[in-house]
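Observations on the three-dimensional arrangement
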Amino acid sequence: MTPGVALAIVEARLLGPQSIPVRIRTREEVTEDEIAELLAAVDYLIVHYRDQATVPKTLAAAFVDIYNGFVPAGGQISDEQAQRLEDVAIALQDKAYRLFGA
């Protein structure tokens, strides 16, 4: 993976018109492979930007209100699916702290 590829994955999965948060809101399926790809790309970017003072604006924008993007309105999906998405949201928040932390 390269920084450009990882950033493109994060942008597509968190900001694009077919992003995971959009698909959650529109009740479209989100696969485990897509989530795994997103988490791997974020992990790569954490290492890549660890010692840098700045990150691309789109990367920062991807994490704005990240938790709410992964928590669907009640009753839209099964409790098990809702718990899985909440777990992903919490993991992404933790990764954001590592990515943007001092």
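Described in the following lines is the structure provided in the data block. Here the structure is a predicted model, which is why all the values come from computation and not from measurement.

Section: the pattern of salt bridges
By the definition in use, this model includes five salt bridges. Between R23 and E34 there is a salt bridge, with the nearest N and O atoms lying 2.8 Å from each other. On the criterion of sequence distance, the pair formed by R23 in helix α2 (residues 20-25) and E34 in helix α3 (residues 32-49) is long-range, its members being 11 residues apart. Between K95 and D43 there is a salt bridge, with its nearest N and O atoms 2.5 Å apart.

Examining the nonpolar core
Formed by 27 residues in total, the largest nonpolar core has its most connected members in V10, L14, L38, L59, F63, F70 and L92. Of all the elements in the fold, those that place two or more residues in this core are α1 (3-14), α2, α3, α4 (57-62) and α6 (79-100). For this core, the element with the highest residue contribution is α3, accounting for eight residues. Not counting residues up to four positions away in its chain, the partners in contact with L92 are L14, L38, L39, V42, F63, I66 and F70.

Side note on the environment of L38
The residue L38 is located in helix α3 in this model. Remark: the alpha-carbon pair of L38 and A12, spanning 26 residues in sequence, is separated by 9.1 Å. Non-local contacts of L38, meaning those with residues more than four positions away in its chain, are made with I9, V10, R13, L14, I20, F70 and L92.

A few points about the packing of α1 against α3
With their axes 9 Å apart at the nearest point, α1 and α3 run at an angle of 135° to one another. Classed by the angle they form, the pair α1 and α3 counts as oblique. Of the two possible hands of crossing, α1 and α3 adopt the one that is left-handed. Across from P3, A6, L7, I9, V10, R13 and L14 in α1, the residues of α3 making contact are E34, E37, L38, A41, V42, Y44, L45 and H48.

Calculation notes
- Residues numbered from 1 in each chain as written.
- Predicted model: local features only at pLDDT ≥ 70, side-chain atom pairs only at ≥ 80, totals over all residues.
- Heavy atoms only, no water.
- Salt bridge = Lys/Arg side-chain N within 4 Å of Asp/Glu carboxyl O.
- Helix = DSSP H or I, 4+ residues; strand = E, 2+ residues; numbered from the N terminus.
- Core = buried A, V, L, I, M, F, W, Y, C linked by side-chain atoms within 4.5 Å.
- Buried < 20%, exposed > 50% of the residue type's maximum accessible area, 1.4 Å probe, protein only.
- Contact = heavy atoms within 4.5 Å.
- Axes fitted to C-alpha atoms, helices over the stretch in contact; angles between N-to-C directions.
- Parallel < 35°, antiparallel > 145°, perpendicular 65-115°, else oblique.
- Left-handed = near helix turned anticlockwise from the far one by under 90°.

Remember that the coordinates give geometry; whether it matters functionally is a separate question.
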